[in-house]
Amino acid sequence: FSRMIKQTFAVIGLGRFGSSVCQTLINAGVEVLVIDKDEARINDFKDIATQAIIADAQDESTLKSIGIRNFDHVVIAIGEDIQASILVTLMVKELGVKYITAKAQNEYHARVLTKLGADKVVHPERDMGTRIGKNLLSRNMLDYLDLSSDIKVAEIKITKNSFVGASLSSLEFRKKYALNVIAIRHDKKIDISPAPSDALILGDSLLVVGYQKDVDYFNSLMD
Ligand code: ADP
């Protein structure tokens, strides 16, 4: 954790996405430099960010003079202006920033950002829509998190009597479902080191980690 806390961040673009990222970083007490060409947006952050700069990030000399390459992580959160987003990503990459997260407006934009070397490309509306859609489709999948494109962590509610009273060991859970159970939620209590012999109760939910296909299979058993 201490390594994380010492990381320095720069956020370029303070729209809805950028300002929300920024606020979260500031709340966590890390150093954040913010850049926006709009003075009003900068004013909201000038007293809380480590440094707040009114500038057009497309101006390479500005990026150089603020020493953008010294930041561990740069978030490019320019929204509508796709050309600016692309150009800034290119320049930030060329200046040698170690880790870049860039926000995409659409699939084509995402592909370009990836090609330019953005380490993580986010597409907030689509990603959140997918997440909410999946939650709507499956009432038993309470929440999930992508660890990579094919590995995820999911919380799945036990709704089938065939599992009730059984334990993880009697179910041969890991062998049969190819999932690791990292926690069990019972009512409001979460057991983060579940014993293999604990009997499952109707309504418990399992926090599992595994390949997407295995998570989907286990989840389908609860439908
Ligand atoms: P969102 O969808 O996240 O709300 P917006 O497109 O509304 O995104 O906001 C993007 C932000 O990025 C705006 O505050 C805008 O002023 C800023 N921005 C856009 N282009 C540049 C640029 N070239 N340099 C600096 N800031 C920029």
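Below is a summary of the structure that appears in this document. (Residues numbered from 1 in each chain as written. Predicted model: local features only at pLDDT ≥ 70, side-chain atom pairs only at ≥ 80, totals over all residues. Heavy atoms only, no water.)

Details of the nonpolar core
Item 1. Grouped together as the largest cluster of nonpolar side chains are 26 residues, with contacts concentrated most on Ile12, Ile35, Leu63, Ile68, Val74, Ile76 and Val92.
Item 2. Broken down by secondary-structure element, the contributors of at least two residues to this core are strand E1 (8-12), strand E2 (31-36), strand E4 (73-76), helix H5 (82-94), strand E5 (99-103) and helix H6 (107-115).
Item 3. At four residues, H5 tops the list of elements feeding residues into this core.
Item 4. Contacts of Leu63, omitting those with residues within four sequence positions, involve Ile12, Ile35, Ala57, Ile68, Met91, Val92 and Leu95. (Core = buried A, V, L, I, M, F, W, Y, C linked by side-chain atoms within 4.5 Å. Buried < 20%, exposed > 50% of the residue type's maximum accessible area, 1.4 Å probe, protein only. Helix = DSSP H or I, 4+ residues; strand = E, 2+ residues; numbered from the N terminus. Contact = heavy atoms within 4.5 Å.)

Focus on the pattern of salt bridges
Item 1. For the structure on display, the rule yields eight salt bridges.
Item 2. Of the charged contacts, one joins Arg185 and Glu155 as a salt bridge, the two residues approaching to 2.6 Å between their closest N and O atoms. In this pair, Arg185 is assigned in strand E9 (residues 180-186) and Glu155 in strand E8 (residues 151-157), connecting sequence segments 30 residues apart.
Item 3. Connected through shared salt-bridge partners, Glu107, Arg126 and Asp127 make up one network. (Salt bridge = Lys/Arg side-chain N within 4 Å of Asp/Glu carboxyl O.)

Some remarks on the site of the ligand
Item 1. Near the ligand there are 19 residues, and of these Arg16, Asp36, Arg41, Asp56 and Lys103 occur at the shortest range.
Item 2. A distance of 2.8 Å separates a nitrogen atom of the ligand from a polar side-chain atom of Asp56.
Item 3. Against a free-state accessible area of 580 Å², the protein chains account for coverage of 89% of the ligand.
Item 4. Class assignment for the residues of the shell around the ligand results in seven nonpolar, four polar and eight charged. (Near = heavy atom within 4 Å. Polar contact = N/O pair within 3.5 Å; in protein donor to acceptor, adjacent residues only side chain to side chain. Areas by Shrake-Rupley, 256 points an atom, 1.4 Å probe, with all protein chains shown as cover. Nonpolar A, V, L, I, M, F, W, Y, C, P; charged D, E, K, R; others polar.)

Some points on the side chain of His123
Item 1. Mapped onto the elements of the fold, His123 is located in the loop between strand E6 (120-122) and helix H7 (124-137).
Item 2. Those residues within four positions of His123 in sequence are excluded, and the remaining contacts are Ala104, Gln105, Asn106 and Glu107.

Quick notes on the side chain of Lys152
Item 1. Along the polypeptide, Lys152 turns up in strand E8.
Item 2. The class for Lys152 is buried, based on a relative accessible area of 0%.

Some details on unusual backbone geometry
Item 1. Within the chain, Glu172 stands out as a residue other than glycine whose phi angle is a positive 50°.
Item 2. By the secondary structure assignment, Glu172 is in the loop between E8 and helix H8 (173-177).
Item 3. A positive phi angle is found at Ala178, which is not glycine, with a value near 55°.
Item 4. Looking at where Ala178 falls in the secondary structure, it is placed in the loop between H8 and E9.

Notes on the sheet that holds E4
Item 1. Read across the open sheet, the six strands follow the order E3-E2-E1-E4-E5-E6; overall the sheet is parallel. Lying at the two open borders of the sheet, with one neighbouring strand each, are strand E3 (51-54) and E6. The sheet shows a mean angle of 15° between the axes of neighbouring strands, taken without regard to direction.
Item 2. Two strands pair when backbone bridges link them, and E4 and E5 are joined in this way by four bridges, in the parallel orientation. Residue His73 lies in a different strand from E5, and its bridge partner there is Tyr99. (Pairing = 2+ DSSP bridges. Axes fitted to C-alpha atoms, helices over the stretch in contact; angles between N-to-C directions.)

So, the packing of H5 against H6
Item 1. For the pair H5 and H6, the least separation of the axes is 9 Å and the interaxial angle reads 15°. By the criterion of interaxial angle, the relationship of H5 to H6 is roughly parallel. Like other packed secondary-structure pairs, H5 and H6 cross with a definite hand, here right-handed. On H6, the residues that touch Ile82, Ser85, Ile86 and Thr89 of H5 are His109, Val112 and Leu113.
Item 2. Taken together, the residues that form the contact of H5 with H6 break down as four nonpolar, three polar and no charged. (Parallel < 35°, antiparallel > 145°, perpendicular 65-115°, else oblique. Left-handed = near helix turned anticlockwise from the far one by under 90°.)

Some thoughts on the sheet that holds strand E11 (residues 205-211)
Hydrogen bonds between backbone atoms are what pair the strands of a sheet, whose relative direction is either parallel or antiparallel.
Item 1. With antiparallel pairing, five strands are arranged side by side in an open sheet as E7-E8-E11-E9-E10. Edge strands, defined here as strands with exactly one partner in the open sheet, are strand E7 (141-146) and strand E10 (189-191). For this sheet, the mean angle separating the axes of adjacent strands, direction not counted, is 20°.
Item 2. Across five bridges, E9 lies against E11 in antiparallel orientation. Following the sheet pairing, Ala183 is matched in E11 by Leu207.
Item 3. Each of E7 and E8 touches H7; the most contacted strand, E7, lies at about 150° to it.

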